[in-house]
Amino acid sequence: MKIAFVGKGGSGKTTLSALFIRHLAAAGRPVIAVDADINQHLGTTLGLTDDQTAALPALGEHLPQIKEYLRGSNPLIGSAEEMIKTTPPGRGSRLLRIVEENPVYAGCARPIALDEGSVRLLATGAFAEEDLGVACYHSKVGAVELLLNHLVDGPDEYVVTDMTAGSDSFASGLFTRFDLTFLVAEPTRKGISVYRQYKDYARDFGVALRVVGNKVQGPEDLAFLQREVGEDLLAVFAQSAWVRRLEQGAEPELRTLEPANRTVLAQLKAEADATFGLRDPHRYTRQAVHFHLRNAESWGNAKVGIDLAAQIDEEFVLGAEHTVDHLDAAHA
């Protein structure tokens, strides 16, 4: 399952994504956590120190190695330099599994031991001062898009991505790479405005979107969310003394989280698991091709110096039944 957490800044999306990751780990499920936020806080929310979080390898700095590995023996891609963030896989490409060892994970992922289990963490890298005027943040998250385009995952396996705040994630095709997107919304006009932006984009691309209310203090807050969000409202995470202790630097065990809020995490998992059966590999692949062509025409062809449309393998569908056999062959 590929799952994203989105929402406006300060909504609590990073905290809820970390809690969900811990809930999955506590259930013994394999999890890859991805920090794709412009502010890299997922590591610290999962228990790392600030120094440990700052020392995480940045995916963006390992793009040449990532591209070379994923290219494999794909005859449509002449070199790693010809790959861009949207380059789709084809026959001969190396695909990734959640539960495996490979050079990408060895170079970029770091294990985090939790009191309830463990996860692998990948981080895009922070948007630094030297990037100003030179790069946009979407170039940082390009590595995440490339990895998800080459990932084959099964039921009870999870990639959970903490996305950048607001509607910035719609500036690339990354928002279509998930089976389910949880939008964390406070019961405020600003919180709902971000939901409406996401709703419009999601509808156009068939993105599954569910809302998780956060910082809800009483019946009036709940009624506001129900009125503004309607059937998209999946669950409500109540004000939490446990979360407050976490934000103050304590390390409370997940089992001590308020029972009602633990129930919310179980609801999120149930919703994600139900969505797995609805995935459409053909649509997923078509969308990857769509955004690759858009990027090729707008900047990729000029940058690389070739027609990147030639990289598309018309007969390859990521996630179709034959992909498992192909994956085994690629790893042999």
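Presented here is an overview of the structure given in this document. (Residues numbered from 1 in each chain as written. Predicted model: local features only at pLDDT ≥ 70, side-chain atom pairs only at ≥ 80, totals over all residues. Heavy atoms only, no water.)

Quick word on the environment of Gly28
On the secondary structure map, Gly28 appears in the loop between helix 1 (13-26) and strand 2 (31-36). For Gly28 and Asn149, which are 121 residues apart along the polypeptide, the C-alpha to C-alpha distance reads 26 Å. (Helix = DSSP H or I, 4+ residues; strand = E, 2+ residues; numbered from the N terminus.)

Some details on the sheet that holds strand 3 (residues 110-114)
Pairing in this open sheet of eight strands is mixed, and the strands run 3-4-2-5-1-6-7-8 from one edge to the other. The outermost strands of the open sheet, each flanked by one partner alone, are strand 3 and strand 8 (233-238). The mean inter-strand angle of the sheet, taken between neighbouring strand axes irrespective of direction, is 25°. Looking at chain direction, strand 1 (residues 2-7) and strand 5 (residues 158-163) are connected through four bridges and run parallel. Counted as the bridge partner of Lys2 is Val159 from strand 5. Across the sheet, helix 9 (residues 219-229) is in contact with strand 6 (180-185), strand 7 (209-216) and strand 8; its angle to strand 7 comes to roughly 160°. (Pairing = 2+ DSSP bridges. Axes fitted to C-alpha atoms, helices over the stretch in contact; angles between N-to-C directions. Contact = heavy atoms within 4.5 Å.)

What to know about empty space enclosed by the protein
If you walk through the whole model with that rule in mind, you get five cavities of 30 Å³ or more. Taken as a whole, the largest cavity holds about 80 Å³ of empty space. Mapped onto the lining of the largest cavity, the elements with two or more residues apiece are strand 2 and helix 7 (142-149). The class makeup of the residues in the lining of the largest cavity is 10 nonpolar, no polar and no charged. (1 Å grid on protein atoms, 1.4 Å probe; cavity = no way out; pocket = protein on both sides within 12 Å on 5 of 7 lines; lining within 4 Å. Points joined across faces, edges and corners; volume = space filled by probe spheres on them. Nonpolar A, V, L, I, M, F, W, Y, C, P; charged D, E, K, R; others polar.)

Some details on helix 8 (residues 189-205)
Helix length check: helix 8 (17 residues) gives 25 Å between terminal C-alpha atoms against 24 Å at 1.5 Å per residue, within 8%. Taken as a whole, helix 8 has its buried residues at Gly191, Ile192, Val194, Tyr195, Tyr198 and Ala202. For helix 8, the angular spread of buried residues about the axis comes to 150°, placing them on one side. Facing away from the buried side of helix 8 by over 90 degrees, the exposed positions are Arg189, Lys190, Arg203 and Asp204. In this fold, the buried residues of helix 8 make contact with strand 1, strand 6, strand 7 and helix 9. Just downstream of helix 8, Gly206 is the residue with a positive phi angle, here 65°. (Expected span 1.5 Å × (residues − 1). Buried < 20%, exposed > 50% of the residue type's maximum accessible area, 1.4 Å probe, protein only. Arc of directions from axis to C-beta.)

What to know about the packing of aromatic side chains
On inspection of all chains with the given rule, the structure shows six aromatic pairs. Relative to Phe182, the ring of Phe5 has its centre 5.3 Å away and its plane inclined at 45°; by these criteria the two rings are tilted. Here Phe5, found in strand 1, pairs with Phe182, found in strand 6; they are 177 residues apart in sequence, far enough to count as distant. Both residues of the pair, Phe5 and Phe182, count as buried. One aromatic cluster in this structure is built from Phe5, Phe20 and Phe182. Lying across the ring of Tyr284, Lys2 places its NZ or CZ 4.9 Å from the centre. The side chain of Arg177 reaches across the aromatic face of Tyr284, ending 3.9 Å from its centre. (Phe/Tyr/Trp six-rings, centres within 6.5 Å; stacked < 30°, edge-to-face > 60°. Lys NZ or Arg CZ within 6 Å of the ring centre and 35° of its normal.)

Honestly, that's just the spatial picture; any functional story needs more than this.
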